[in-house]
Amino acid sequence: GEGEDLETEKAPNVVRLETACAKVFGKRPYESLNTFERVRVQVASWFEIPVVDISIITMVLIYSVAIFFDLGVEGNDCDDTTFTWEEQYSNEYMKWIDLVFLSLFMLELTVKSFAYGHKYFKSSVTMFDTTIVVVSFVFTVISVTSDNQSSTIVRVLRLGRIIR
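As the structure is a prediction and not an experimental result, all values here were calculated from the model. The residue numbering used here restarts from 1 in each chain and proceeds along that chain's sequence as written. Only residues with pLDDT of at least 70 get local features here, since the model is predicted, and only at 80 or more are side-chain atom pairs given and counted; chain-wide, interface and lining totals rely on the full set of residues. With hydrogens and water stripped out, all remaining heavy atoms of the structure feed into the side-chain values.

Asker: Help me understand the packing of aromatic side chains, please; the structure alone is not making it clear to me.
Answerer: To describe a pair of aromatic rings, you give the distance between the ring centres and the angle between the ring planes. Note on aromatic contacts: the rings of Phe and Tyr and the six-membered ring of Trp form a pair at centre separations within 6.5 Å, being stacked when their planes are under 30 degrees apart, edge-to-face when over 60 apart, and tilted otherwise. Taken as a whole and assessed by the stated rule, the structure comprises 7 aromatic pairs. Seen in terms of ring centroids, Phe-101 and Phe-105 are 6.4 Å apart; in terms of plane orientation they differ by 40 degrees. Their pairing is tilted. Pair noted here: Phe-101 and Phe-105 are both in helix H4 (residues 85–116), with a separation of 4 residues, about one helical turn. By the burial criterion, Phe-101 is buried, and Phe-105 matches it. These aromatic residues form a ring-pair network of at least three members: Phe-47, Tyr-116, Tyr-120 and Phe-121. Directly above the aromatic system of Phe-25 lies the positively charged group of Arg-28, at a separation of 5.3 Å from the ring centroid. Secondary structure elements are defined from DSSP: runs of H or I of at least 4 residues count as helices, runs of E of at least 2 residues count as strands, and each element is numbered from the N terminus. When accessible area is computed with a 1.4 Å probe and restricted to protein chains, residues below 20% of their type maximum are described as buried, those above 50% as exposed, and intermediate ones as partly exposed. A positively charged side chain is recorded as over a ring if its NZ (Lys) or CZ (Arg) lies within 6 Å of the ring centre. The angle to the ring normal must also be within 35 degrees.

Listed below in structure tokens is the structure:
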């Protein structure tokens, strides 16, 4: 009946909550957690939803395409100091594309570090990714807010994000 449908609907949420709880607090049952710990587990459970994971991967792929487009527009002629309109257009808009995507990645990093705590940083892949995102974000903010030529460093860091 109606009660059975309600229970089957809740099952995936319960499974996600239990999975997140195990990742964050090991064998401690959800019921034994205080309010702050429960909030952390609930936030961590969002990352157990497949559409969230797929969205993050999609953002990385879209950002990668933008980076490769920017690298393609740049060209390989290092001796020429004049920029074509495509390069100027690409350079200016890429700063803002960087800022938007890196802000989203910083948000993801912040939320995951809140949810998972110090356990989030135990993986070397996560540490590499965190370093790339934070350093890229800092240089992108510097690049957007000044006329400084930190864009070469930002491009190298973008490639590191893709390699990850």
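Asker: Help me understand the side chain of Ser-64, please; the structure alone is not making it clear to me.
Answerer: Along the chain, Ser-64 turns up in helix H3 (residues 50–74). The class for Ser-64 is buried, based on a relative accessible area of 11%. Under the rule applied, a polar contact is a pair of N or O atoms within 3.5 Å (in protein, one hydrogen donor and one hydrogen acceptor; residues adjacent in sequence only if both atoms are side-chain atoms). A polar atom in the side chain of Ser-64 sits 2.7 Å from the backbone oxygen of Val-60.

Asker: Whenever I open this one, the nonpolar core confuses me. Can you help?
Answerer: It is characteristic of soluble globular proteins that their nonpolar side chains tend to be buried jointly. Residue types Ala, Val, Leu, Ile, Met, Phe, Trp, Tyr and Cys, when buried and joined through side-chain atoms within 4.5 Å, form a set referred to as a nonpolar core. Val-24, Leu-33, Val-41, Ala-44 and Tyr-116 are the most contacted members of the largest nonpolar core, which totals 15 residues. Secondary-structure elements contributing two or more residues to this core are helix H1 (2–25), helix H2 (35–46) and H4. Considering each element in turn, this core owes the most residues, 4 residues, to H1. In contact with Val-24, other than residues within four places in its own chain, are Arg-40, Val-41, Ala-44, Ala-115, Tyr-116 and Lys-119. Counting residues in hydrophobic clusters, the runner-up holds 9 residues, among them Tyr-63, Ala-66, Leu-102 and Val-133. In this description, contact between two residues means that some pair of their heavy atoms is separated by no more than 4.5 Å.

Asker: So what exactly am I meant to see when it comes to helix H5 (residues 124–145) here?
Answerer: Every α-helical turn comprises 3.6 residues, leaving residues that sit three or four positions apart pointing alike. One less than the residue count of a helix, multiplied by 1.5 Å, gives the span that helix is expected to have. Relative to the 32 Å expected for 22 residues at 1.5 Å per residue, H5 spans 32 Å between its end C-alpha atoms, a close match to the ideal helical length. The backbone nitrogen of Val-125 lies 3.2 Å from a side-chain oxygen of the residue at the head of H5, namely Ser-123.

Asker: Mind showing me how you'd approach the environment of Tyr-93 here?
Answerer: Examined against the element boundaries, Tyr-93 turns out to sit in helix H4. Classification of Tyr-93 as partly exposed rests on a relative accessible area of 46%. Here the alpha-carbon distance between Tyr-93 and Asp-70, two residues 23 residues apart in the chain, equals 9.6 Å.

Asker: Explanation requested: H2 in the structure shown.
Answerer: Look at H2: 17 Å from first C-alpha to last across 12 residues, which is about the 16 Å you get at 1.5 Å a residue. When H2 is considered as a whole, its buried residues turn out to be Glu-37, Arg-40, Val-41, Val-43, Ala-44 and Ser-45. The residue sitting at the N-terminus of H2 and contributing the capping side-chain oxygen is Asn-34; that oxygen lies 3.0 Å from the backbone nitrogen of Phe-36.

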